[in-house]
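Architecture at a glance
Okay, here's what each chain looks like letter by letter:
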Amino acid sequence: MKTCLFNHCRRMLVGAFSSGPIAALALLTVLALPSAAQEFPTKPIRIVVPSGPGIGTDLIARLIAQRLNERLGWTVLVDNKPGGNYLIGSQAVLQQPADGHTVLLAVSSMTVLPATVKDLPVNMLKDFAAVTRVATLPTVVLVTPALPAKTMPELVAYAKKNPTALSYAVTGSGSFLHLAGELLKQNLSISMTHVPYKDTTLIADVASGRVQVAVISVASVAQQIRAGTLRGLAILGPNRSPAIPDVPTMAELGLPEIDGEAWLGTLVRAGTPPDVIRILNREIVAAMQTPEFKDKLPSMGAGFVQDTPEAFARLYAADIARWQQVVQTSKLKFD
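Residues numbered from 1 in each chain as written. Predicted model: local features only at pLDDT ≥ 70, side-chain atom pairs only at ≥ 80, totals over all residues. Heavy atoms only, no water.

What about the overall build of the chain?
The criterion, for reference: In DSSP terms, a helix is any run of H or I states spanning at least four residues, a strand is any run of E spanning at least two, and both are numbered starting from the N terminus. Burial classes follow relative accessibility: with a 1.4 Å probe on protein chains only, a residue under 20% of its type's maximum area counts as buried, one over 50% as exposed, and anything between as partly exposed. In what follows, residue pairs with any heavy atoms lying within 4.5 Å of each other are defined as contacts. Residue-level accessible areas treat just the shown protein chains as cover; the underlying method is Shrake-Rupley with a 1.4 Å probe.
Looking only at helices and strands, the chain has 13 helices and eleven strands in total. Per-residue burial for the chain yields a buried fraction of 49% across its 335 residues. Long-range contacts, defined here as pairs at least 24 residues apart, represent 75% of the contacts in the chain between residues at least 6 apart. Taken as a whole, the chain presents about 15,800 Å² of accessible surface, with 56% of it coming from carbon and sulfur.

Describing the pairing of strand S9 (residues 231–235)
Going by this rule: Pairing between strands requires that DSSP locate at least two bridges from one strand to the other.
The buried count for S9 comes to five of five residues, which makes it a mostly enclosed element. Sheet analysis places strand S5 (residues 139–143) next to S9, joined by four bridges and oriented antiparallel. When the sheet's bridge partners are listed, Val143 is paired in S9 with Arg231.

Description of the nonpolar core
To keep it simple, the criterion reads: Residues grouped as a nonpolar core are buried Ala, Val, Leu, Ile, Met, Phe, Trp, Tyr and Cys residues, joined through side-chain atoms within 4.5 Å.
Within the largest apolar cluster, 49 residues are counted, with the highest numbers of intra-cluster contacts made by Ile60, Phe128, Val134 and Leu280. The element contributing the most residues to this core is helix H11 (residues 274–288), with seven residues.

Observations regarding the environment of Glu70
Counting through the fold element by element, Glu70 comes out in helix H4 (residues 56–72). As for Glu70 and Ala287, which are separated by 217 residues in sequence, their C-alpha atoms are 9.2 Å apart.

Some remarks on the packing of H4 against H11
So the rule is basically this: An axis is simply a line fitted to the C-alpha atoms; with a helix, the fit covers only the stretch in contact. Between two such axes, the angle follows the N-to-C directions and lies from 0 to 180 degrees. If an angle is under 35 degrees, it is roughly parallel; if it is over 145, roughly antiparallel; if it lies from 65 to 115, roughly perpendicular; otherwise it is oblique. In this classification, the charged set is Asp, Glu, Lys and Arg, the nonpolar set is Ala, Val, Leu, Ile, Met, Phe, Trp, Tyr, Cys and Pro, and all remaining amino acids, among them Gly, are polar.
It is at 9 Å that the axes of H4 and H11 come closest, and there the two elements cross at 105°. By the criterion of interaxial angle, the relationship of H4 to H11 is roughly perpendicular. In contact with Ile64, Arg67, Leu68, Arg71 and Leu72 of H4, H11 contributes Glu283, Ile284, Ala286 and Ala287. Its residues placed into classes, the contact of H4 with H11 shows six nonpolar, no polar and three charged.

With respect to the sheet that holds strand S4 (residues 128–137)
Taking strand neighbours across the sheet as the criterion, the six strands line up as S2-S1-S3-S10-S4-S11 in an open arrangement whose pairing is mixed. Unpaired on one side and paired on the other, strand S2 (76–80) and strand S11 (303–304) mark the two borders of the sheet. With three bridges joining them, strand S1 (residues 45–49) and strand S3 (residues 102–107) adopt parallel strand pairing. Across the sheet, the residue bridging to Ile47 is Val103, located in S3. Helix-sheet contacts for H4 involve S1, S2, S3, S4 and strand S10 (262–269), and the interaxial angle to S2 is about 165°. The strands touched by H11 are S1, S3, S4, S10 and S11; relative to S4, the strand with the most contacts, the crossing angle is about 10°.

As for helix H8 (residues 176–188)
Because each turn of an α-helix spans 3.6 residues, side chains separated by three or four positions in sequence point in the same direction. What counts, and what does not: The length a helix should cover is 1.5 Å for every residue beyond the first.
Under the 1.5 Å per step criterion, the end-to-end length of H8 is 18 Å for 13 residues, consistent within 8% with the ideal 18 Å. Burial runs high along H8: eleven of the 13 residues are buried. Buried residues of H8: Phe176, Leu177, His178, Leu179, Ala180, Gly181, Glu182, Leu183, Leu184, Lys185 and Leu188, and no others. Following H8 by one or two positions, Ser189 has its phi on the positive side, about 55°.

Quick word on the sheet that holds strand S8 (residues 213–217)
Whether parallel or antiparallel, the strands of a sheet pair through hydrogen bonds between backbone atoms. Across the sheet, which stays open at both edges, the five strands sit in the order S7-S6-S8-S5-S9 with mixed pairing between neighbours. Looking at which strands have only one partner, the edges of the open sheet turn out to be strand S7 (193–197) and S9. Sheet twist, expressed as the mean angle between neighbouring strand axes with direction ignored, is 30°. Seen against the sheet, helix H7 (residues 152–161) touches S5, S8 and S9 and runs at an angle of roughly 100° to S9. Contacts between H8 and the sheet are confined to S5, strand S6 (167–171), S7 and S8, with S6 contributing the most and set at about 150° to the helix.

Details of the packing of aromatic side chains
For any pair of aromatic rings, geometry is given as the distance between the ring centres together with the angle between the planes. Note the threshold: For Phe, Tyr and Trp, rings pair up if their centres lie within 6.5 Å, where Trp contributes its six-membered ring, and each pair is then called stacked (planes under 30 degrees apart), edge-to-face (over 60) or tilted (otherwise).
Within the structure shown, the criterion is met by five aromatic pairs. For the ring pair Trp263 and Phe312, a centre distance of 5.2 Å and an interplane angle of 90° mean the geometry is edge-to-face. Of this pair, Trp263 sits in strand S10 while Phe312 sits in helix H13 (residues 309–330), and the two are 49 residues apart along the sequence. We note that Trp263, like Phe312, is buried. Through successive ring pairs, a cluster of aromatic residues spans Trp263, Phe312 and Tyr316.

Written out as structure tokens, the structure reads:
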């Protein structure tokens with residue numbers, strides 16, 4: 001192995017010097033990387049998905065694994081570990097060495113856990129290091145067509161005129177969407193009663209008018225919004241959704257602080273060498289940029305996004321702080 005690597009490097013240097021001093025200097029810079037980077041990966045890479053197989057998170061993980069396998073010849077496996085508010089998968093990553101060979105496909109819902117789960121066994125901020133986001137999952141505020149409000153300003157006016165009339169539906173109590181709804185209420189200074197659902201059966205209840213408002217992923221309701229059985233008022237994120245392009249963003253309405261865009265991202269255990277994180281970031285981003293990856297995201301209701309490790313780390317930390325502030329301001333209590 002070492003002899004082959006030496007001969008390969010020698011051939012690369014000869015070729016680089018024949019191309020000129022700049023190419024040779026660039027190659028020498030790469031060869032001077034710390035040994036951890038030169039040797040990575042030394043074994044199969046495992047992408048831990050903290051949810052079950054067959055859903056969007058799992059499918060995106062498998063797309064990334066397939067692209068890495070095909071582009072680089074790496075052996076990349078997907079390991080589903082659902083349950084426990086994503087903690088089973090998270091803890092599985094923390095039980096492995098901090099060497100970059102075990103990657104967590106994190107979901108933005110994990111950033112609400114410090115604010116909603118008592119005695120959390122994982123420090124979501126300190127125990128992980130960011131690699132990159134891999135997809136965005138836009139969230140929409142929608143209303144029943146029976147409600148007279150056809151725009152977000154009209155909804156706000158209606159809510160203030162009828163302070164006890166509105167309820168909003170989301171999947172779960174203490175969930176990412178629940179806190180996004182509370183963020184909406186706080187920033188608009190309106191009152192709505194939270195109605196938790198266990199699944200997307202809330203869609204039928206909003207369509208019928210049993211519940212007036214919902215905060216939900218675009219992927220779950222794009223078809224109904226296009227058909228007119230639900231009315232989309234605003235996207236909780238910086239960009240419009242191609243699935244419902246006529247629905248404006250909160251930023252367009254002058255409210256960029258109301259951002260409830262969900263995302264998927266990759267994390268590794270804290271203490272992973274920075275040069276290994278750089279390799280993972282570079283190669284995962286390259287895998288994501290292939291048409292095979294980007295072309296499949298819209299059908300999953302997802303958008304393409306990429307970050308440097310530093311940018312993703314800032315977003316990740318800001319989301320944790322934001323949801324903690326939302327819970328404190330709303331004085332929500334969770335078991």
